[in-house]
Amino acid sequence: KHILENKHIHQEDPSKPFKCAVIVNDVAELNIDKALIDQSSLVQTEEVVAMQNGCVCCTLKSDLVDQIMDMAKSQVFDYMIIEASGISEPSEIAKLFAECDEDHNHEEAHGDNTENLTLYDVATLDTCVTVVDAGDFFDKLQSIQKCTSSGGTTATYAKLMVEQVEYSNVVLINKADLVSQEQIDQVTEHVTLLNPKANILVSKHSVVDVKKVVGTNLYNVKDFENILSIEVEVGQVKSCCKASIAKGESACCKRARTIDSGLSQVMLSSKSLAKTRHEVRFGISSFVYKARRPFHSSRFHVDFVNKYFMFIEPEEEDCEHEEGEEEGAGDEQTEGGEQPNEQEGTEEEKDAEIQGEEEEEEELSPEEALKKQQQEAEAKGQVRDKDFGSVLRGKGFIWTAHTHDFMIAYGQAGNTVEFALENEWKVLNAKAWNGKDEEKAEIRKNFVDPWGDRRQELVFIGKDMNHEVIQKVLDGCLLNDDEMNMGVDGWKATIGNAYLNDE
């Protein structure tokens, strides 16, 4: 609404009027944002399109493409704004504007035939803007309440908000009039931590300089290609480090900030590089945890995930018939699909399971259940802050004994932790063994015998974090020497395997 109320100069010809179309999306049947624009009498034509009862990044994706294509072909508008719903995933919308990657001759397949054009042919993604509410930013970050997001999957508000902030060129911190300047500063620092490259604007009622969000040409898909990967610092190599490298050793400065426990390595932020504002003012920093042996699945969940965070289990589709095939089968399934050995499990774990069954019988209302979850999350947060310090974000990938061949993506935002099954480890890629030399070199760059690229690689971001305690707790979740000596077959026999027990 604010953008429509303000005149914007045509970039190519300042004398021409700048014509802007708006697509407003709401997942509800009633599109509130579209209704507000209609009531403002700002538009008298069809330049505002409402899309409701779905999300433009998933269920309404094809409709969105059709709308944009129609508007582009009309050659009436200079610019288009897509106001997605609050639970949309910007990365999914951005993919619609990607260059055609089909295995064909693009010119021959598309040519001048307008029926075969893609969005890439008619429109360029200019800017991704995320609006955050200054008043409830931290409440959402700590929330464990679930919401339905793209594709009907379930995520937490914290995870959605973090991903929306991370995948943006501009972050607008709105409702600044409802919070103190100190709170605005805190939100700004956390947003900067999540997305250091974003331009941050602070506003009341979303009133900003339009030129800072329209026609910026800020979007570059390459900026978001490795959004979930661990960033590697690139700095000038000192002479002493060059000498170490020449001897075949690691750079001395890197060694100085690497804490090796014998089971894992923690790499701290480089002290030779200039500190960021959030490091200087708030003590916010990051470190990387690496290890080359798998986690024991149960220990990782009991001693790390479930002790310090709220674990959000992924929803399984079409599994109701499987649960009814054998009584108690669903109860034995653990996170990640593990079917544990009957002899495994401590008395404390069994007591906790019995207690959980009794609590389920209480039949709490959704409101009561949510309140109880929030109380549990708050209690775990206090334990986490006491032991670990303030861990704002954690991400990376893990290797567990019972999912030996598959990489597991780890994502933590605030109080919540989620896992996602990714691809097989690259050591199982045939080209790593019989490909061309260049292919093998690229695939094998993270290989270490005998397990190839299987590893733990997690980055933690937060304030005043106790990396020694985090490393010690995670090390305790790794397989010990006796368990490592069992080998893969021993792990399957004693720990279980997510894929052998799917029968």
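Preceding block: the structure.
Report follows, based on the coordinates. Residue numbers run consecutively from 1 along every chain, following the written order of its sequence. Predicted model: local features are reported for residues with pLDDT of at least 70 only, side-chain atom pairs are reported and counted for 80 or more only, and whole-chain, interface and lining totals are derived from all residues. To obtain the side-chain values, all non-hydrogen atoms of the structure were included, while hydrogens and water were left out.

1. Observations concerning the overall build of the protein chain
Okay, so step 1: Strands are runs of DSSP state E lasting at least two residues, helices are runs of H or I lasting at least four, and both sets are numbered from the N terminus onward. Tallying secondary structure elements over the protein chain gives 21 helices and 16 strands in all.
Okay, so step 2: Working definition: with a 1.4 Å probe on protein chains only, accessible area under 20% of the residue-type maximum means buried, over 50% means exposed, and in between means partly exposed. Split into buried and exposed, the 503 residues of the protein chain put 40% on the buried side.
Okay, so step 3: Nonlocal contacts in the protein chain, meaning residues at least 24 apart in sequence, comprise 71% of its contacts between residues at least 6 apart.
Okay, so step 4: Accessible surface is estimated by sampling points in the Shrake-Rupley manner with a 1.4 Å probe; for residues, cover comes only from the protein chains shown. Total accessible area on the protein chain stands at roughly 29,200 Å², and carbon and sulfur atoms take up 47% of it. Contact definition: two residues touch when any of their heavy atoms are within 4.5 Å.

2. Considerations on the environment of Val22
Okay, so step 1: With respect to the element layout, Val22 can be found in strand S1 (residues 20–26).
Okay, so step 2: Assessed through its relative accessible area of 5%, Val22 is described here as buried.
Okay, so step 3: Each C-alpha atom of the pair Val22 and Ile82 lies 5.9 Å from the other, and the pair is 60 residues apart in sequence.

3. Re the pairing of strand S4 (residues 129–133)
Okay, so step 1: Only one face of S4 is buried: it carries Thr130 and Val132, and the other face, with Val129, Val131 and Asp133, is open.
Okay, so step 2: If DSSP finds at least two bridges between two strands, the strands pair. Direction of pairing for S4 relative to strand S7 (residues 170–174): parallel, over a ladder of 5 bridges. Paired with Val132 across the two strands is Ile173, which belongs to S7.

4. Re the packing of helix H13 (residues 297–308) against helix H17 (residues 366–388)
Okay, so step 1: Helix axes are fitted to C-alpha atoms over the stretch in contact, other axes to C-alpha atoms as well, and angles between N-to-C directions run from 0 to 180 degrees. Two numbers describe how H13 lies on H17: the axes approach to 8 Å, and their chain directions differ by 120°. Residues Phe304, Asn306, Lys307 and Tyr308 of H13 lie in contact with H17, whose contacting residues are Lys380, Val383, Arg384, Asp387 and Phe388.
Okay, so step 2: Classification used: nonpolar for Ala, Val, Leu, Ile, Met, Phe, Trp, Tyr, Cys and Pro, charged for Asp, Glu, Lys and Arg, polar for all others including Gly. Partitioned by chemical class, the residues of the contact of H13 with H17 number 4 nonpolar, 1 polar and 4 charged.

5. Regarding the nonpolar core
Okay, so step 1: With 26 residues, the main nonpolar core has Phe300, Phe304, Tyr410, Phe419, Phe460 and Leu474 as its most contacted residues.
Okay, so step 2: When residues of this core are traced back to their parent elements, those giving at least two are strand S11 (284–291), H13, strand S13 (390–398), strand S14 (406–413), strand S15 (416–424), strand S16 (456–463) and helix H20 (467–477).
Okay, so step 3: Sequence-distant contacts of Phe419, defined by excluding residues within four places in its chain, comprise Phe300, His301, Val305, Phe311, Ile398, Ile408, Ala409 and Tyr410.
Okay, so step 4: Residue types Ala, Val, Leu, Ile, Met, Phe, Trp, Tyr and Cys, when buried and joined through side-chain atoms within 4.5 Å, form a set referred to as a nonpolar core. Counting 24 residues, the second largest nonpolar core, distinct from the first, contains Leu141, Ala158, Val165 and Leu194.

6. Digging into the environment of Glu442
Okay, so step 1: Position of Glu442 among the secondary structure elements: in helix H19 (residues 437–443).
Okay, so step 2: Judged by its relative accessible area of 45%, Glu442 is partly exposed.
Okay, so step 3: Spatially, the C-alpha atoms of Glu442 and Lys431 are 10.0 Å apart, while their sequence positions differ by 11 residues.
Okay, so step 4: Side-chain polar atoms of Glu442 contact the side chain of Lys445, separated by 3.1 Å. We define a polar contact as two N or O atoms separated by no more than 3.5 Å, with the added condition that, inside protein, one atom must be a possible hydrogen donor and the other a possible acceptor, whereas residues neighbouring each other in sequence contribute only through side-chain atom pairs.

7. A look at the sheet that holds S4
Okay, so step 1: Within the open sheet, the 3 strands sit side by side as S4-S7-S8. Their pairing is parallel. Single-partner strands in this sheet number two, and they are S4 and strand S8 (199–202). On average, each strand axis in the sheet is tilted by 20° relative to the strand beside it, whichever way the strands run.
Okay, so step 2: Pairing geometry for S7 and S8, over 4 bridges, is parallel.

8. Comments concerning H13
Okay, so step 1: What a helix is expected to span follows from its residue count: subtract one and scale by 1.5 Å. Taking 1.5 Å as the rise per residue, H13 with 12 residues should run 16 Å; its terminal C-alpha atoms sit 16 Å apart, in good agreement.
Okay, so step 2: Buried within H13 we find Ser297, Ser298, Phe300, His301, Phe304, Val305 and Tyr308.

9. Digging into the packing of aromatic side chains
Okay, so step 1: Stacked, edge-to-face and tilted labels apply to pairs of Phe, Tyr and Trp rings (six-membered ring for Trp) whose centres lie within 6.5 Å, assigned for plane angles under 30 degrees, over 60, and everything in between, in that order. Summed over all chains, the structure comprises 16 aromatic pairs.
Okay, so step 2: Ring plane angle 40° and centroid distance 6.4 Å describe the contact between Tyr167 and Tyr219, whose orientation is recorded as tilted. Placement of the pair is Tyr167 in the loop between helix H8 (157–166) and S7 and Tyr219 in the loop between S8 and helix H10 (239–246), with a sequence separation of 52 residues. Residue Tyr167 shares its accessibility class with Tyr219, and that shared class is buried.
Okay, so step 3: Three or more aromatic residues joined by ring pairs make a cluster, and in this case those are Phe295, Phe300, Phe304, Tyr308, Phe309, Phe311, Phe388, Tyr410 and Phe419.
Okay, so step 4: Criterion for a charge above a ring: Arg CZ or Lys NZ at most 6 Å from the ring centre, at most 35 degrees from the ring normal. The ring of Trp433 has Arg444 sitting right over it, with the charged end atom 4.3 Å from the ring centre.

10. Brief notes about the environment of Gln382
Okay, so step 1: Counting through the fold element by element, Gln382 comes out in helix H17.
Okay, so step 2: For Gln382, a relative accessible area of 52% gives the class exposed.
Okay, so step 3: Linking Gln382 and Tyr308, residues 74 residues apart in sequence, is a C-alpha distance of 8.7 Å.

11. A closer look at the packing of H13 against H20
Okay, so step 1: Here H13 crosses H20 at 145°, and the two axes come no closer than 7 Å. Of H20, the residues touching H13 (which contributes Arg299, Phe300, Asp303, Phe304 and Tyr308) are Val473, Leu474, Gly476 and Cys477.
Okay, so step 2: Of the residues that constitute the contact of H13 with H20, the class distribution is 6 nonpolar, 1 polar and 2 charged.

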